[in-house]
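# Architecture at a glance
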Amino acid sequence: MASRDILHQLKQRFGAALPRANVAGLDRLYVFVTPEALKDVCQFIFRDLDARYIISIGADDRPYSGKFLVAHNFAFDARHVLCSVLTEVNANGGRPQVPSITEVVPPANWAEREFRDLVGIEPVGHRYPKRLVLPDGWPEGVHPLRKDVPHDFCPPDYDENRDFQFEAPPEGCVVVPFGPFHPTLDEPTHFRLYVEGETVRGCEYRGFMAHRGIEKLAETVLGYNDIPMMAERICGICGCVHNVAYAQAVENAAAIVVPPRAEYIRTIMLELERLHSHLLWVGLACHIVGFDTLFMQAFRIREPVMWMAEQISGNRKTYSLCVIGGVRWEITPELRTGLRQVLDKLEAEWQAVVAAVSRDRNLQRRTRGVGIATPELVKNAALIGPVARAAGVAMDCRRDHPYAAYDRVEFEVIVEHGGDVWSRVVVRMKEVFESIKIIRQCLDKMEPGPLQAEIKDELPPGRFGMSSVEAPRGESHHFVITGENNRPRRWRVRAPTYQNLQGIPAMIKDQQLADMTISLGSIDPCFSCTDRLEVVDIRNQQTHVWSQEELVRLARRKT
Amino acid sequence: MSVMTFLKIFAGGLANVLAVLLLAPLFEGILRKVTAVIQSRQGPPLWQPYFDLLKLLGKEDIESGESPWMQRLAAYLSLGAVLTVAWMVPMGYAPPLSPAGDAILLIYLLGLCAISTLLAGLAAGSTYSLLGISREMMTVITLEPLFAVALVIGAVHTGTLRLEAVLSGSVYAAAGFPWSGILMLGIMLLSFQAFVQRVPFDISEAETEIMEGPLVEYSGPKLALFKYAQMAKLVLYGALFVALFVPWGAGLPWYCSVPLFWLKVGVLVLLVTLVAATHARYRIDQALRYYVILLGVALVALVLASNGY
């Protein structure tokens, strides 16, 4: 038993510092550690056992145990185990403190700053304890994720005029603001670049400008089965991933077994999502380097995939696929035939694109040797997804931590060794074929049966659940503590961009400013879109809401 | 100079300016439409650029840069310089201003077009526009000499700097086989895309990198002037190219030679479109390396020309 082996190794080394542990099956491990030993245990796991850092979670557990809770999650990819190192922290009169692990586990940087902001647990010894998530004008000492703070609370002494204090730029550099609004970003985030001539020497990041408080909403307002529909609104492109990941985390916590047919349908939808996300990304990358023709062609090829998704779920995006214990949409025999046709056409057209891109020297000149992420950076910034795979690190949650029906289909984990933007392009282009392969296998193997598991009693509170889902951009990780009132006590989402963004400063250092956009673009930042339109005629104040038929006609008029 | 000659020059110049102003958006429209077809899109109607310009001209004139008067100057200068060049460019017939101007004036005026962009960027004073003009400056220094070399080769061959003589195919007027002219034709074909600042050489504007660079602070009518100047540049450089390097058929009667001339310019625009639609943007260092190689070959052509080839 892999998880038991790991626990054994930890016990041998630290013994009394581990008051209790919970081996929740072959592939999940929850270890409680005393705060004093936390740093050493994490170092041992991260360096000696060579685990991959996932995320840290801070939780206000005072109503139940009178303490705060900190969890550091790690993944043993080779041994297929997700492990959580938990520490109970004394409330200390509302000012809890926990030793920071950033010094020994560098990728924990943001996560520790985040629980410092949101839950108010001070990571002692953090080298850069600057504000990360909360807005600049938010007063000190108010922490929105604490249980005694209502979800719609706005502090009365909120100071709109306070600015973020940036560091001074290095000597000889000018500051070039990149964002909050930049034509290639499409969403607000701010990189303050230090530029010498045309060369980027460094940067400081300030983001989290559109924080929506989704986790707080889930912990205070919504119920178990409402949250999946909101979870998929976290991201405009990999929404289904969050939807599935949340459902799986709760199922994992409450030991609910999902019927096989539902698992196949989840797999199909996840792969459909990867298909259109990768096609979109390749198009977008081409647009960033000024190659609009391929951008347009990629979107044309992508369109049938969206139509297919619409036929299955009624929506091009936000499929509302999962409920706890199953799925809501059936893949009927007609849909199956349609899907096969779409895949055949896509495969043929994509082969042509791949052939064209592989021969394009002009495109390669712009992407080779640009935005390099070394395997060391992958480890020390916990980079994931295509970024890691392009750097020669073969990690893929679908294979390493199988979920849904991925243990029943065959596919290849695409790995390239360049570590640059070009390698990421290649990885994504090849993964499209793997996705097609997976969907075909699912269509063949899908067995008849119910779509949802029957859940007769309420879910037990206080249980932990973890779920990792391989989104198109990398691993999406969800951590859930089940709770009362039909909703989780704590739910933490770690989207792939959260970790990949932390690798950007190292990836853009000492390269040209012109390469900044494509380097940032290569980790795939995302954007959402609206699908309803209201037109107001300002002359006569008449409003006209476009009907679905009109919009469809407008959008699909033969171009 | 008699009053008659003056009036003739004046009327001819105005006719040229009018032709450029009317044709430039049409060529831009063709460029957009063909691009759309290559990209499997329907594309805007051919006359969309005219509407775009009208719309921009009708908008509120916002002055947002650091020194508004310089911004204004730059906008007028850009279109002004381009339209002055129009007086000196043959369009299937001899250029109206040919008795007064020589090749040096033409080179200066072409330089002035680039300088107006620099001024625009300086006046805006934003970080992005400064980055844009530093790129523009590097481009100008390495690229502009190419056209000058082409004109000088013509001048060397004909032994005069007079416009009439230098333009209209004089690069091929060598004593022996026109090696220098053929060489220059190749160079200009390879660099034409850069002269009209289309992809992959739209580096100083690079929307996805530095947000239009020098033009970042422009809007409304002044932006319209810049856009107009850019469209006109495509036509004028096309006309210059055709006059210098593809002069064949100029001797036909005017009702043949003029349509033939514009047909050639049209083909050139199609070529520009095709290249723009199939390339990713170069980085400034890659582009500079490319220009420098071309410049080296151009100097070889100059040496050949001065030796009579």
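As the structure is a prediction and not an experimental result, all values here were calculated from the model.

## Some points on the overall build of chain B
What chain B contains, in helices and strands, is 11 helices and 0 strands. Helices (α) and strands (β) of chain B occur, in sequence order from the N terminus, as α-α-α-α-α-α-α-α-α-α-α. Computed over the C-alpha atoms, the radius of gyration of chain B is 19 Å, within 12% of the 19 Å expected from 2.2 N^0.38 for a compact globule of 309 residues. Principal-axis analysis of the C-alpha atoms gives chain B an extent of 55 × 45 × 40 Å. Burial analysis of chain B (309 residues in total) assigns 54% to the buried set. Across chain B, every contact between residues at least 6 apart in sequence was considered, and the portion connecting residues at least 24 apart equals 78%.

## What about the side chain of A:T367?
Here A:T367 lies in helix α11 (residues 361-367). Setting aside anything within four residues of it in sequence, one finds A:T367 in contact with A:D420, A:V421, A:W422 and A:I518.

## Details of helix α2 (residues 38-48) of chain A
Residue and element names in this part refer to chain A. Of the residues making up α2, those classed as buried are L38, V41, C42, F44, I45 and F46. Where the residues of α2 are buried, they touch α1 (2-14), β3 (52-61), β4 (67-76), β5 (81-90), β6 (97-99) and α12 (375-380). At the C-terminal side of α2, D50 shows a positive phi close to 55°.

## Remarks on the nonpolar core
Generally speaking, a soluble globular protein has its nonpolar side chains buried in company with each other. Residues and elements named next belong to chain A. The biggest cluster of nonpolar side chains holds 93 residues, and the ones touching the most others in it are L10, V41, I45, F74, V85, F191 and L193. For this core, the element with the highest residue contribution is β4, accounting for 7 residues. Filtering out sequence-adjacent residues up to four positions away, L10 remains in contact with G15, L18, V31, V41, F44 and I45. With 92 residues, the next largest nonpolar core counts A249, M429, V469 and A471 among its residues.

## Focus on the packing of helix α9 (residues 292-313) of chain A against helix α10 (residues 333-359) of chain A
The relative placement of two packed helices comes down to the angle between their axes together with the axis-to-axis distance. All names here are of chain A. Remark: α9 packs on α10, axes separated minimally by 10 Å, with the N-to-C direction vectors making an angle of 165°. In terms of orientation, α9 lies roughly antiparallel with respect to α10. In this structure, α9 crosses over α10, and the sense of that crossing is left-handed. On α10, the residues that touch L294, R300, I301, P304, V305, M308, Q311 and I312 of α9 are L335, G338, L339, V342, K345, L346, E349, W350, V353 and V357. By residue class, the composition of the contact of α9 with α10 is 13 nonpolar, 2 polar and 3 charged.

## Some words on the interface of chain B and chain A
Taken together, the contact pairs 26 residues of chain B with 34 residues of chain A. The contact between chain B and chain A buries some 2,500 Å² in all, and 52% of this surface belongs to carbon and sulfur atoms. Put simply, chain B and chain A have 0 salt bridges between them. The interface formed by chain B and chain A contains 10 residue pairs in polar contact (both at pLDDT 80 or more).

## Let's talk about unusual backbone geometry
Residue and element names in this part refer to chain A. Phi at H80 takes a positive value of approximately 60°, unusual for a residue other than glycine. Note on placement: H80 falls in the loop between β4 and β5. Despite not being glycine, N486 shows a phi value in the positive range, around 60°. Along the polypeptide, N486 turns up in the loop between β14 (474-481) and β15 (490-494).

## Overview of the packing of aromatic side chains
Scanning the model with the defined rule gives 27 aromatic pairs over all chains in all. Pairing B:F147 with B:F195 gives two aromatic rings, centres 5.4 Å apart and planes at 85°, and the pair type is edge-to-face. In this pair, B:F147 is assigned in helix α5 (residues 127-158) and B:F195 in helix α7 (residues 179-195), connecting sequence segments 48 residues apart. Accessibility classification places B:F147 together with B:F195 in one group, the buried group. On the basis of an interplanar angle of 40° and a centroid distance of 5.3 Å, the ring pair of B:F241 and B:F245 is categorised as tilted. Highlighted residues: B:F241 and B:F245, both in helix α9 (residues 220-245), separated by 4 residues, approximately one helical turn. Looking at B:F241, the relative accessible area reads 4%, which means it is buried. Put simply, the rings of A:Y30, A:F32, A:F464 and A:F479 pair up and form one aromatic cluster. The aromatic ring of A:F46 is capped on one face by A:K379, whose charged end is 4.1 Å from the ring centroid. Geometry around A:Y264 places A:R408 over its ring, the cationic atom sitting 5.4 Å from the centre.

## Brief notes about the pairing of strand β10 (residues 199-206) of chain A
Residues and elements named next belong to chain A. Counting buried positions along β10 yields 6 of 8 residues, so the element is predominantly enclosed. Sheet topology places strand β9 (residues 190-196) next to β10; 7 bridges connect them, and they run antiparallel. Residue E196 lies in a different strand from β10, and its bridge partner there is T199. Counting the residues that bridge the hairpin from β9 to β10 gives 2 residues, and of these G197 lies at a positive phi of roughly 65°.

## Description of empty space enclosed by the protein
Residues and elements named next belong to chain B. Inspection of the entire model under this criterion finds 8 cavities of 30 Å³ or more. Empty space within the largest cavity amounts to approximately 130 Å³. Around the largest cavity sit S78, V82, C113, S116, T117, Q197, E205, L215, F226, A229, Q230 and K233, which together line it. Of all the secondary structure elements, the ones that give two or more residues to the lining of the largest cavity are α3 (68-86), α4 (103-124) and α9. No other element matches the 4 residues that α9 contributes to the lining of the largest cavity. Its residues assigned to classes, the lining of the largest cavity comprises 5 nonpolar, 5 polar and 2 charged. In this model, the second largest cavity occupies a volume close to 100 Å³.

## Notes on the environment of A:R490
Residues and elements named next belong to chain A. Tracing the backbone shows R490 in strand β15. Residue R490 is classed as buried on the basis of its relative accessible area, which comes to 6%. Beyond its immediate sequence surroundings of up to four residues, R490 is in contact with I57, G58, A59, L145, E215, E219, F479, V480 and I481. Polar side-chain contacts of R490 include one of 3.1 Å to the side chain of E219.

## Side note on the state of the cysteines
Across all of its chains, the model carries 0 disulfides over all chains by this definition. In this structure A:C397 is not part of a disulfide, and its nearest cysteine sulfur, from A:C238, lies 13 Å away.

Quick notes on the rules
- Residues numbered from 1 in each chain as written.
- Chains lettered and ligands numbered in written order.
- Predicted model: local features only at pLDDT ≥ 70, side-chain atom pairs only at ≥ 80, totals over all residues.
- Heavy atoms only, no water.
- Helix = DSSP H or I, 4+ residues; strand = E, 2+ residues; numbered from the N terminus.
- Rg over C-alpha atoms; globule rule 2.2 N^0.38 Å.
- Buried < 20%, exposed > 50% of the residue type's maximum accessible area, 1.4 Å probe, protein only.
- Contact = heavy atoms within 4.5 Å.
- Core = buried A, V, L, I, M, F, W, Y, C linked by side-chain atoms within 4.5 Å.
- Axes fitted to C-alpha atoms, helices over the stretch in contact; angles between N-to-C directions.
- Parallel < 35°, antiparallel > 145°, perpendicular 65-115°, else oblique.
- Left-handed = near helix turned anticlockwise from the far one by under 90°.
- Nonpolar A, V, L, I, M, F, W, Y, C, P; charged D, E, K, R; others polar.
- Buried area = accessible area lost by both parts, 1.4 Å probe.
- Salt bridge = Lys/Arg side-chain N within 4 Å of Asp/Glu carboxyl O.
- Polar contact = N/O pair within 3.5 Å; in protein donor to acceptor, adjacent residues only side chain to side chain.
- Phe/Tyr/Trp six-rings, centres within 6.5 Å; stacked < 30°, edge-to-face > 60°.
- Lys NZ or Arg CZ within 6 Å of the ring centre and 35° of its normal.
- Pairing = 2+ DSSP bridges.
- 1 Å grid on protein atoms, 1.4 Å probe; cavity = no way out; pocket = protein on both sides within 12 Å on 5 of 7 lines; lining within 4 Å.
- Points joined across faces, edges and corners; volume = space filled by probe spheres on them.
- Disulfide = S-S within 2.5 Å.

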